[in-house]
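# Structural characterization, general
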Amino acid sequence: MKKWFWRQSLPRFLLWSHVIGIAGFYSILWRRTAPRQEDRLQILPPLKQDVTSTISLQATQMLSSLPVVSIIMPARNEEQNIRRSVQSLLEQDYTRYEIIVVDDGSTDRTGVILEELQQRHPQGQRLRVLHLEDELPAGWAGKPHAIHCGVQEAKGEWFLFSDADTWHAPNALRSAITQALEEHADLFSLGSEQELPTFWDRVLMPMAFLGIGMLYPPRLVNDPASPVAIANGQYILIRRAVYEQLGGYARPEMRATLLDDRDLAALVKSNHYRLRFVDSSGLLHVHMYHGLSDIWRGWRKNSYLGNRGGIAFVLVQLFGLPMISIVPFLLPLLAKLTRSKRHAGGITAREVAVATGLEWVPLLTYRVWLNQQFHVPWYYALTHPLAGALFEGILGQSTWRVLTRRGVDWRGRQYHDENARNKK
């Protein structure tokens, strides 16, 4: 009798525990990640490029009192993106800025395109290009080293670190620097709007940002009392005085980081400077990866290193990711397999239907809402199990390769490899 009781009760207990866990997880996740109005960029209307009216003249006089910004962009083999990105920066309606692109050992047409922009664009005089050798100094990762080199040439009172796969609306810089000054921010970062043209983009990128939102909710990032810190490496606006006082990427522990944005944000916040991370409200666009293999390599580079809580929490994630993304869609099959053929009282079809509905409603509601934030059609919510399975592989491989020192590769360089010259 006792054995029969546990045979019937344990599956039911596990089923309803899972239902409670799924409903609670997605409800809490939505509350943690839903952006507040104060966590959005206050958009300033674009200015006319010609100074012909009184309003434009007044705007020009107002801009002359704002600080000089040095935009520093690392670029390595970015011929697909670099023209659109740099051109969008050259067309900002903020007058007091310079652009320094650090060509980090590119072997494609990146350097040629930059030279064309310097010579042919009407604002090409704002653009300077630094050409670095492919070989990195010992102890440096590529992006921190490129930014460090750009900083050495910069003249601005503020630095803006951006990536070559970004596109900036003409009023983006003016809106960002104005709000940063008004809020007395020391590091002001914009979240970007993702461009997701392909099937794999739409399947995987919302799931990636589900994980980021879970680990680094904006409410905690913007709370000075919370130690949680992150920034978006595609748009980091930081005061020069703060960067130099902290040592920036020249600090020994910062030189080799592959998480340059998170680690810089953590450095700023831990030293009691003001960190602000806001949504760009459509003024900053990015197309991060091209194809499934590129997505896999990109997130494999960061998924283990970007976790909070060390290896123990990663193991919890490796167990929990299938639980929240795959198992809810397998409930009818799992419940059928747990029914007893010899005894009445097993999990009934009605229970399974109710349990499945109670899990699917919060899961699909959250995923549809998340898809809306990324302008992805609602029906991609049904690919949630596929996204979960792929990210299980990405996280597992990232963890294994870092811990075994087999290394992760990015932009033709190897990191966390015991045999590589350029170690993180």
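Above: the structure in question.
Every value quoted in this text rests on a predicted model; they were computed, and no experiment measured them.

## Brief notes about the pairing of strand S1 (residues 69-75)
With seven of seven residues buried, S1 is to be regarded as a mostly interior element. Burial of the side chains of S1 extends over both faces: Val 69, Ile 71, Met 73 and Ala 75 are buried on one face and Ser 70, Ile 72 and Pro 74 on the other. Pairing between S1 and strand S2 (residues 97-104): seven bridges, direction parallel. Bridge pairing in S2 links Ile 71 to Ile 99. One crossover worth recording links S1 to the parallel S2 by way of helix H3 (residues 82-90), and it is right-handed. With four bridges joining them, S1 and strand S4 (residues 158-162) adopt parallel strand pairing. Across the sheet, Val 69 pairs through a bridge with Trp 158, a residue of S4.

## Quick word on the sheet that holds S2
Read from one edge of the open sheet, seven strands run S3-S2-S1-S4-S8-S6-S9, paired in mixed fashion. The outermost strands of the open sheet, each flanked by one partner alone, are strand S3 (127-132) and strand S9 (275-279). Within this sheet the neighbouring strands show an average axis-to-axis angle of 20°, counted without direction. One ladder, built from six bridges, connects S2 with S3; its direction is parallel. In the sheet register, Val 102 faces S3, and the bridge partner there is Leu 130. The strands touched by helix H6 (residues 172-182) are S1, S2, S4, strand S6 (187-191), strand S8 (235-239) and S9; relative to S8, the strand with the most contacts, the crossing angle is about 45°. Set on the sheet, helix H10 (residues 260-270) makes contact with S4, S6, S8 and S9; between it and S8 the angle comes to about 30°.

## Let's talk about the side chain of Asn 171
Residue placement: Asn 171 occurs in the loop between strand S5 (166-168) and H6. Of the polar contacts made by the side chain of Asn 171, one reaches the backbone oxygen of Leu 44; its length is 2.7 Å. The residues touching Asn 171, leaving out its near neighbours within four places in the chain, are Ile 43, Leu 44, Pro 45, Pro 46, Gln 92, Asp 93 and Leu 283.

## Section: a nonpolar patch on the surface
Residues Leu 10, Phe 13 and Leu 14 make up a contiguous nonpolar surface patch of roughly 320 Å² in combined accessible area. Tracing the chain through its elements places Leu 10 in helix H1 (residues 2-33).

## Some details on the packing of helix H12 (residues 310-325) against helix H15 (residues 384-403)
Running from N to C, H12 and H15 cross one another at 160°; their axes reach a closest spacing of 9 Å. With respect to their mutual orientation, H12 and H15 come out roughly antiparallel. For the element pair H12 and H15, the recorded crossing hand is left-handed. Residues Ile 311, Val 314, Gln 317, Leu 318, Leu 321, Pro 322, Ile 324 and Ser 325 of H12 form the contact with H15, whose participating residues are His 384, Pro 385, Gly 388, Phe 391, Glu 392, Leu 395, Gly 396, Thr 399 and Leu 403. In terms of residue class, the contact of H12 with H15 is built from 10 nonpolar, six polar and one charged.

## A word on the packing of helix H11 (residues 292-302) against H15
Working note: a packed helix pair is described by the angle between its axes plus the distance between those axes. With their axes 9 Å apart at the nearest point, H11 and H15 run at an angle of 50° to one another. Looking at the two axes, H11 sits oblique to H15. As for how H11 packs across H15, the hand of that crossing is right-handed. Every residue of H15 that contacts H11 at Leu 292, Trp 296, Trp 299 and Arg 300 is listed here: Leu 390, Phe 391, Gly 393, Ile 394, Gln 397, Ser 398 and Arg 401. For the contact of H11 with H15, the residue count by class is six nonpolar, three polar and two charged.

## Considerations on the nonpolar core
Ranked by internal contacts, the top residues of the largest apolar core, which has 36 residues, are Val 69, Ile 82, Val 86, Val 101, Phe 188 and Leu 237. Once residues lying within four places of it in the same chain are set aside, the contact partners of Ile 82 are Met 73, Ala 75, Val 101, Thr 110, Ile 113, Leu 114, Leu 117 and Ala 164. Leu 187, Val 228, Ile 238 and Leu 246 belong to the second-largest nonpolar core, a separate cluster that totals 33 residues.

## Details of the pattern of salt bridges
Considering all chains together, one arrives at 21 salt bridges under this definition. In this structure, Glu 98 engages Arg 128 in a salt bridge whose closest nitrogen and oxygen atoms are separated by 2.8 Å. Here Glu 98, found in strand S2, pairs with Arg 128, found in strand S3; they are 30 residues apart in sequence, far enough to count as distant. Given a relative accessible area of 11%, Glu 98 falls into the buried group. Here Arg 413 makes a salt bridge to Asp 134, at a shortest N to O gap of 4.0 Å. Of this pair, Arg 413 sits in strand S12 (residues 413-417) while Asp 134 is found in the loop between S3 and helix H5 (142-153), placing the two residues 279 residues apart along the sequence. Among the ionic contacts, a cluster of salt bridges with common partners joins Arg 36, Glu 38, Asp 39, Glu 183 and Arg 276.

What counts and what doesn't
- Sequence order sets the numbering: in each chain, residues are counted from 1 along the sequence as written.
- Reporting in this predicted model follows two pLDDT cut-offs: at least 70 for local features of residues, and 80 or more for side-chain atom pairs to be given and counted; totals over whole chains, interfaces and linings ignore these cut-offs and use all residues.
- In computing side-chain properties, one takes all heavy atoms of the structure into account and sets aside hydrogens as well as water.
- For each residue, the accessible area found with a 1.4 Å probe, counting protein chains only, is set against the maximum for its type, and the residue is called buried under 20%, exposed over 50%, and partly exposed in between.
- Segments assigned H or I by DSSP are reported as helices when at least four residues long, segments assigned E as strands when at least two residues long, and all are numbered from the N terminus.
- The pairing criterion is simple: DSSP has to find at least two bridges between the two strands.
- Note on handedness: a clockwise path from strand one over the helix to strand two, with the strands aimed away from the viewer, defines a right-handed crossover.
- Axes, fitted as lines to C-alpha atoms, cover a helix only where it is in contact. Angles between the N-to-C directions of the axes lie from 0 to 180 degrees.
- By the convention used here, residues are in contact when the closest approach between their heavy atoms is within 4.5 Å.
- In protein, a polar contact requires one atom able to donate a hydrogen and another able to accept it; more generally it is a pair of N or O atoms within 3.5 Å, and residues adjacent in sequence count only if both atoms are side-chain atoms.
- Patch construction takes residues with relative accessible area above 30% that form no salt bridge. Like charges are linked within 9 Å, and nonpolar side chains (Val, Leu, Ile, Met, Phe, Trp, Tyr) are linked within 5 Å.
- Accessible surface is estimated by sampling points in the Shrake-Rupley manner with a 1.4 Å probe; for residues, cover comes only from the protein chains shown.
- Within this document, salt bridges are pairs made up of a side-chain nitrogen of Lys or Arg and a carboxyl oxygen of Asp or Glu, the two lying within 4 Å of each other.
- Throughout this description, any angle smaller than 35 degrees is read as roughly parallel, any larger than 145 degrees as roughly antiparallel, any in the 65 to 115 degree range as roughly perpendicular, and the remainder as oblique.
- For any pair of crossing helices, the crossing counts as left-handed if the nearer helix is rotated counterclockwise from the farther one by less than a right angle, and right-handed if it is rotated clockwise.
- Under the scheme applied, nonpolar residues are Ala, Val, Leu, Ile, Met, Phe, Trp, Tyr, Cys and Pro; charged residues are Asp, Glu, Lys and Arg; polar residues are all the others, including Gly.
- Think of a nonpolar core as a cluster: buried Ala, Val, Leu, Ile, Met, Phe, Trp, Tyr and Cys residues, connected wherever their side-chain atoms sit within 4.5 Å.

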